[in-house]
Each structure stands twice: as structure tokens, then as C-alpha cells.
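Observations on chain architecture
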Amino acid sequence: MKLSNSLAVNKEQAYKIFPIGESFDLITRDLFLGATKAWFLGVNGMCKTEVLQEIFSDLQNPLFMKDSDVRDLSLYMASKIGYAQTELTNDWEQIISAVLSGPSVLFVDGFSDAIVLDTRTYPARGISEPDTERVTLGARDGFVETMLFNANLIRRRIRNPRLTFSVRPLGTDSRTDVAVSYIDGYVDRALLQKLYDKLDALRITSLTMGAKSLEELLVPKKWYHPLPSIQQTQRPDVACSYLLEGNLLLLVDNSPSVLILPSTIFQFTQSPEDYYKSPITGSYSRLLRFCCILISLFLLPVFLLLGSYFPDIADTLSLFPVETASSNRLFLYVLFAELSLNLFQYSAAHSPSAYSGSLSIVGGLILSDVAIDLHWVSLEVMFYAAATMLASLALSSTAFAEGIRCYRIFLLLMTGCFGFWGFLAGCFLVLLSALTTPSFAGKSFFWPLYPFNREALSTLFFRRPTYKAQPSNVWKRERKNKTGPSQSP
């Protein structure tokens, strides 16, 4: 629907579209530009008041008016508005999207175009280090809920003129801005086009949970795939490193996380902490983290298997004291320890910081000691469960750790119910679930293991010095755009 050249008709239409007068945050103002009538519409709190005051002061200044009428709106806008980005539009859909996104609109009588003033501002929290991706050294900034700030954090680190942020709205109700970020010349253009086609094909009302909702829409999964298919990060340095390797980023407005495409299972085992240490200590931390994956997945199930069905081996390995519990009781002990520690971890994560320390002491000392005295759990079971929990906390990705936890509980149930053969069948099903985990655009979830890339795989296990670990040297990916730069900045 197009605008009319009558200001009265445009005002009437605006009152039909917006709840003006009912919603307190919608603000309007009748103005005179010389002798020409005008009308302002915006959202209170999303417009920079100081900038608007300067703009209106200049527009209404008689010294700036050659005559009392506005004759050429485009020339008038170009010569009189010098404080903001502006554009002319005659489309009501574009006006609705602009007003609800933050820019304000100025209607002028006698013209079928309106002036869109980009004077937006958003409430935002401080750019602080994310709690889930802390490092002992390195940058302390993190993404926030304002997409423009997140784009600035990336561009501040990558001053490449080919760095691009392509924005498109998603959701018929929410109209959430989603920006696709990439470096032209580094990115796979076919993969980029697949992403654009996927975003354009989405028919949704809103992105309720921000980046997480978009992740589930881009890569639908079955219930038996607990591992994440798309990596999320709240650290700008991590996001920039993937950009320079040719990956795509998805920035979702109102979400402090950035999606990385495509993603592989090995990306969830990486941590920026490795690169803020020397190569030898970084490699040690990385190998220890890989060991923690195996410990988190197999320690409790193997303990239950040996204690219940192979007591001689368990006694040889000194896994139990002399008075060993029965297999059924041991199974209940292990389940109780697993579920209680999960409950304790969730409670500590969601409790206020003022109480988290006290909760850790109460849960770790008092509750476990009382549970042992009441014979709800044994001392050795609590020890192995605590070691499993520590190994899970050592994983850098919480989403990946949650997926490993689901696999571990499944192995415990299979082992406790069906014994040795249940354990083998559980391991096979876990492996099958991991191998069939979908990824974006059909890319291999286990690259560089499949298809095999020896050099790339070695860099996943061993932290290389910076001068040897530049993206063009490590990944050796063919550049689809030969006109692009051949080396990362």
C-alpha cells in the first residue's frame, strides 16, 4: 500500500495501523516546515532525543528556508538534514518496519513520500565477558543483545573491506533482524546461497528464543540426536577466528549469541583458552579436554558394568571395598548419584550469585554426607559420579556437555537393565546417533575425520604456533572467488 500526497489521509491511515493514543510508547508531533505542514511518528525510548531536537530546530529555522513552502522533498532532505541517515519511501510496509525497528518517520503535506530518520538507539547492557566462556587471559568483551553492537565488535577486529553484514527480517510478528556475516573471497558462495535460500523459505511468526530458535529451524533434528548441530559463541574473538577460516556467522537481534556455520563436532571441543597459552600448554589442555569427553561418557557406565557383572575385575582394580552392594542396589545408587548431581548442578547454575557459593558447600558436603549415612548412595559411587561431573564441567561447550550427559544416562539405563550386552548395544546406538547427527547444508559433521584431512585433524589435537596456524595455511581450502584476498589479515 502506497502513501497519499495528503497529510490528513496519511495520518488517518497511521492511526488505523498503529494504536496511537492507546500505546504510551508511540509518540507523534505536528510540525510546520515554514508554511508546510508535517507530522512526526516514532517510538519513545528508541529515538535519540538530542539528535531529533537538532534536526527539528534546523528544519524549522526560517534562515534555512528560501521560501515558506517545501517544493522538492528530496532536495530539502539532502540540504537540511545533516544529523542522521535518511531515506525516502512511499511504502507503508517499509514505514511500519522502520517505526517498529527504531527509526522515526516524518510525513510532509503535499508529498506521497515520507522521510525515514535513522535516529534509533537501543537499551543495552555492558559489554562484559560471558560467564560460560571465561578465559584467564585475553579479551573481556562479549556479545550483547543489540545486533549493531555485535557487528561493531566484529568489525573492530577485522578491518577488511570485504567483511559483509547482510540483514533480513524473520517472523511475520516479531520481524527479528538476522544478519549474515561473511568475508567475500573467503566464504563458499554456494554455501552462502544455500543459507539465503533457507532463510527466505522460513515461514514463522517469531523467533521466540532468538538464536536458539533459529538454530532449530535451520537444522531440524530427531529426538535421538542430543548433540548440537550448530555452534554458538558469545565471544567476538572466537567468532572472528571462524570468519577468517571461511565460515558464516548469523547475528540475531535480541540475542547475545552468534551462530557459526557450518559446524563440526570437533568445534565443540575447542576453547579460546588454548590460544592464550603457549603451544605446549595449550596442546596439553586440549588433549586433557578430549580425555574428559571419554571420562564423562564412559566412567559411570563402565563402573556400573564392572561392579554389577564383573566383580572379580572390579576387585582386582580396587573399584570397591570388600562389602560390595548387589547389582540392583548398585544400579539404583548410580542413578541416584547421577540425577542428584544433575539437580545440584542446575540449582547452582540458576541460583543468584550471592547464594551459589553457599549452595556449593551445602550440596557438596552436607547433602552427600547425609545421603551416604542414610545408605541412599555409597561412598565409591559418589566419588565416581563427582569425577564424572568434573569431567563434564571441563568441556568448553555446555550444549555439547548436555548431549554427552544424555548419552551417559542412556548407557547407564542400558547397562543396568541388560548387562554386558546392553552396554555394547548402548555404545553402538550412541555411536550411530552421533554419526547421523545432521549438520547445515549436508556438510560432514565429523570433518576433518570424514572426509579425512590429516593436517586439519592434527591442528584439532595440537595447538600450533600462530605463525604456522594462519587459516590459508592450515585448512588449505580452495577459494571460490579468485578475486578475493589469498591470506587472512
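To start, this report covers the structure provided alongside it. Residue indices begin from 1 for each chain and proceed along its sequence in written order. Totals for whole chains, interfaces and linings use all residues, but because this is a predicted model, local features are given only for residues with pLDDT of at least 70 and pairs of side-chain atoms are given and counted only at 80 or more. Hydrogens and waters are ignored; side-chain quantities use all the structure's heavy atoms.

Moving on, we get to the sheet that holds strand β4 (residues 104–108). Whether two strands pair depends on DSSP finding at least two bridges between them. In DSSP terms, a helix is any run of H or I states spanning at least four residues, a strand is any run of E spanning at least two, and both are numbered starting from the N terminus. In spatial order, the strands read β1-β2-β4-β5-β3; together these five strands make up an open sheet with antiparallel pairing. In this open sheet, the two edge strands, each paired with only one partner strand, are β1 (26–33) and β3 (85–89). Between one strand axis and the next, the sheet turns through 20 degrees on average, direction left out of account. Inspection of the sheet shows β1 paired to strand β2 (residues 36–43) by eight bridges, in the antiparallel sense. If you follow L31 over to β2, its bridge partner there is A38. With respect to the sheet, helix α1 (residues 7–17) is in contact with β1, β2 and β4, its orientation differing from that of β2 by roughly 15 degrees. We call two residues in contact whenever any of their non-hydrogen atoms come within 4.5 Å of each other. To obtain each axis, a line is fitted to C-alpha atoms, and for helices this fit is confined to the stretch in contact; angles are then taken between N-to-C directions over 0 to 180 degrees. On the sheet, helix α4 (residues 92–101) packs against β2, β3, β4 and β5 (114–118) and is oriented at approximately 140 degrees with respect to β4.

Glancing now at the packing of helix α9 (residues 279–309) against helix α15 (residues 454–461). Across the interface, α9 lies against α15 with an axial gap of 8 Å and an inter-helix angle of 95 degrees. By the angle between their axes, α9 is roughly perpendicular relative to α15. The residues of α15 that touch α9, namely those facing S283, R286, L287 and F290, are T459, L460 and F461. In terms of residue class, the contact of α9 with α15 is built from four nonpolar, two polar and one charged. In these notes the angle categories are as follows: under 35 degrees is roughly parallel, over 145 is roughly antiparallel, 65 to 115 is roughly perpendicular, and the rest is oblique. Nonpolar residues are Ala, Val, Leu, Ile, Met, Phe, Trp, Tyr, Cys and Pro. Charged residues are Asp, Glu, Lys and Arg, and all others, Gly as well, are polar.

A word on the sheet that holds strand β6 (residues 163–170). Strand order in the open sheet formed by five strands is β6-β7-β9-β10-β8, with antiparallel pairing between adjacent strands. The sheet is open, and its two borders are formed by β6 and β8 (231–233), each paired with just one other strand. Along the sheet, successive strands turn relative to each other by an average axial angle of 25 degrees, direction set aside. The pairing of strand β7 (residues 176–183) with strand β9 (residues 248–252) spans four bridges and is classified as antiparallel. Among the inter-strand pairings, V178 is bridged to a residue of β9, identified as V252. Lying over the sheet, helix α5 (residues 147–157) contacts β6, β7 and β9, oriented at roughly 165 degrees with respect to β6.

On the surface, F336, V370, L374 and W376 cluster together into a nonpolar patch covering about 380 Å² of accessible area. Mapped onto the fold, V370 is located in helix α12 (residues 353–373). Type-normalised accessible area, obtained with a 1.4 Å probe on protein chains alone, sets the label of each residue: buried when under 20%, exposed when over 50%, and partly exposed for intermediate values. For V370, a relative accessible area of 39% puts it in the partly exposed group. The patch calculation keeps residues exceeding 30% relative accessible area without a salt bridge and links them within 9 Å when they carry like charges or within 5 Å when they are nonpolar (Val, Leu, Ile, Met, Phe, Trp, Tyr). Residue exposure ignores everything except the shown protein chains as possible cover, and the areas themselves are Shrake-Rupley values with a 1.4 Å probe. In the sections that follow, a salt bridge refers to a side-chain nitrogen of Lys or Arg positioned within 4 Å of a carboxyl oxygen of Asp or Glu.

Before going further, it helps to examine the pairing of strand β10 (residues 258–261). The two faces of β10 match: V258 and I260 on one face and L259 and L261 on the other face are all buried. Two elements, β8 and β10, share three bridges in a ladder whose sense is antiparallel. Bridge assignment links T233 to a residue of β10, and that residue is V258. Across four bridges, β9 lies against β10 in antiparallel orientation.

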